[in-house]
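# What the coordinates show
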Amino acid sequence: MVTVRPHLWFADDNAHEAAQFYAEHVPGSRVGNVLIAPDGVPGATAGTPFIVEFTVCGTEVVGLNAGDALRLDEAFSFYLLVDGQDEVDHYWDLFTADGGRPGPCGWCKDRFGVSWQVVPKQLEELCGDYSTPANQRTMQAMLQMGRIDVAALEAAHRGD
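An account of the accompanying structure is given in this report. Source: prediction; values computed, not measured.

## Focus on the packing of helix H4 (residues 133-143) against helix H5 (residues 150-158)
One way to put it is that H4 packs onto H5 with a least axis distance of 7 Å and a crossing angle of 145°. For the pair H4 and H5, the crossing hand works out as right-handed. Contacts between H4 and H5 involve Ala-134, Asn-135, Arg-137, Thr-138, Ala-141 and Met-142 from the former and Leu-153, Ala-156, His-157 and Arg-158 from the latter. Residue composition of the contact of H4 with H5, grouped by class: five nonpolar, three polar and two charged.

## Some words on the side chain of Thr-55
Mapped onto the elements of the fold, Thr-55 is located in strand E3 (residues 49-56). Residue class for Thr-55 comes out buried when judged on its relative accessible area of 10%.

## A few points about the nonpolar core
Within soluble globular proteins, side chains that are nonpolar generally end up buried alongside one another. The biggest cluster of nonpolar side chains holds 26 residues, and the ones touching the most others in it are Phe-10, Tyr-22, Phe-95, Trp-116 and Val-118. Contributions of two or more residues to this core are made by strand E1 (7-10), helix H1 (15-25), E3, strand E5 (77-82), helix H2 (84-96) and strand E8 (115-120). Look past the residues within four positions of Val-118 in its chain and what remains in contact with it is Leu-80, Val-82, Val-88, Tyr-91, Trp-92, Phe-95, Gly-106, Cys-108 and Ile-148. Listed in part, the 12 residues of the second largest apolar core include Cys-105, Ala-141, Met-142 and Ala-156.

## Structural notes on H2
Here H2 spans 18 Å end to end across 13 residues, near enough to the 18 Å set by a 1.5 Å rise per residue. Three or more residues of H2 are buried, namely Gly-84, Val-88, Tyr-91, Trp-92, Leu-94, Phe-95 and Thr-96.

## Focus: the pairing of E3
Note that strand E2 (residues 30-36) and E3 share five bridges and pair antiparallel. By the bridge assignment, Val-34 is partnered in E3 with Val-52. The pairing of E3 with strand E4 (residues 59-65) spans six bridges and is classified as antiparallel. When the sheet's bridge partners are listed, Val-52 is paired in E4 with Gly-63. Where E3 folds back onto E4 in an antiparallel hairpin, the turn is made up of two residues, including Cys-57, whose phi is positive at roughly 50°.

Analysis parameters
- Sequence positions are assigned chain by chain, starting from 1 and proceeding in written order.
- Two thresholds apply to this predicted model, a pLDDT of at least 70 for residue-level local features and 80 or more for giving and counting side-chain atom pairs, whereas whole-chain, interface and lining totals are computed over all residues.
- Excluding hydrogens and water, the side-chain values take into account all heavy atoms of the structure.
- Orientation is described by axes fitted as lines to C-alpha atoms, over the contacting stretch for helices, and by angles from 0 to 180 degrees between their N-to-C directions.
- Every helix listed is a DSSP run of H or I at least four residues long, and every strand listed is a run of E at least two residues long, numbered separately from the N terminus.
- We call a crossing left-handed when the near helix sits turned anticlockwise from the far one by less than a right angle, and right-handed when that turn is clockwise.
- Residues are treated as being in contact if the distance between any of their heavy atoms lies within 4.5 Å.
- Three classes are used: nonpolar for Ala, Val, Leu, Ile, Met, Phe, Trp, Tyr, Cys and Pro, charged for Asp, Glu, Lys and Arg, and polar for all others, with Gly counted as polar.
- We call a residue buried when its accessible area falls under 20% of the maximum for its residue type, exposed when it is over 50%, and partly exposed in between, using a 1.4 Å probe and counting protein chains only.
- By convention a nonpolar core is built from buried Ala, Val, Leu, Ile, Met, Phe, Trp, Tyr and Cys residues, the set being connected through side-chain atoms within 4.5 Å.
- What a helix should span is 1.5 Å times the count of its residues minus one.
- Each pair of strands is called paired provided DSSP finds at least two bridges between the two strands.

Structure (structure tokens):
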């Protein structure tokens with residue numbers, strides 16, 4: 001059987017710490033198998049976590065601690081669909097804390113370097129296929145935001 005899983009390169013040897021953080025804070029997440037680096041693996045410290053298998057909100061992921069030759073960037077992100085402003089605020093605050101960084105249009109980066117899109121389902125509902133003026137206004141409002149503001153999206157959709 002063929003499967004696909006995201007494979008994330010953690011340049012700062014924190015794949016295991018990231019997996020534990022997601023398991024603690026994101027529903028449907030857990031830490032799976034942790035393989036310890038043997039001697040002689042380039043970029044890995046012998047005796048420390050090397051390959052970390054984990055699940056984020058039901059999605060199986062492989063994390064690799066292999067030195068700083070590569071870095072995570074915004075070309076990959078988790079799309080976290082939430083319900084309402086309280087959940088937007090909760091996850092946005094969680095991911096941008098302790099060295100994480102806010103970004104545009106609902107994107108942010110956590111302290112481990114992983115990019116997230118914290119998207120309320122209301123954005124998807126209000127934007128639809130972008131063919132109506134109301135949907136277009138909603139999209140234009142979102143493009144001006146960092147953290148998504150559900151009330152402002154709803155106001156833009158109404159034309160307020």
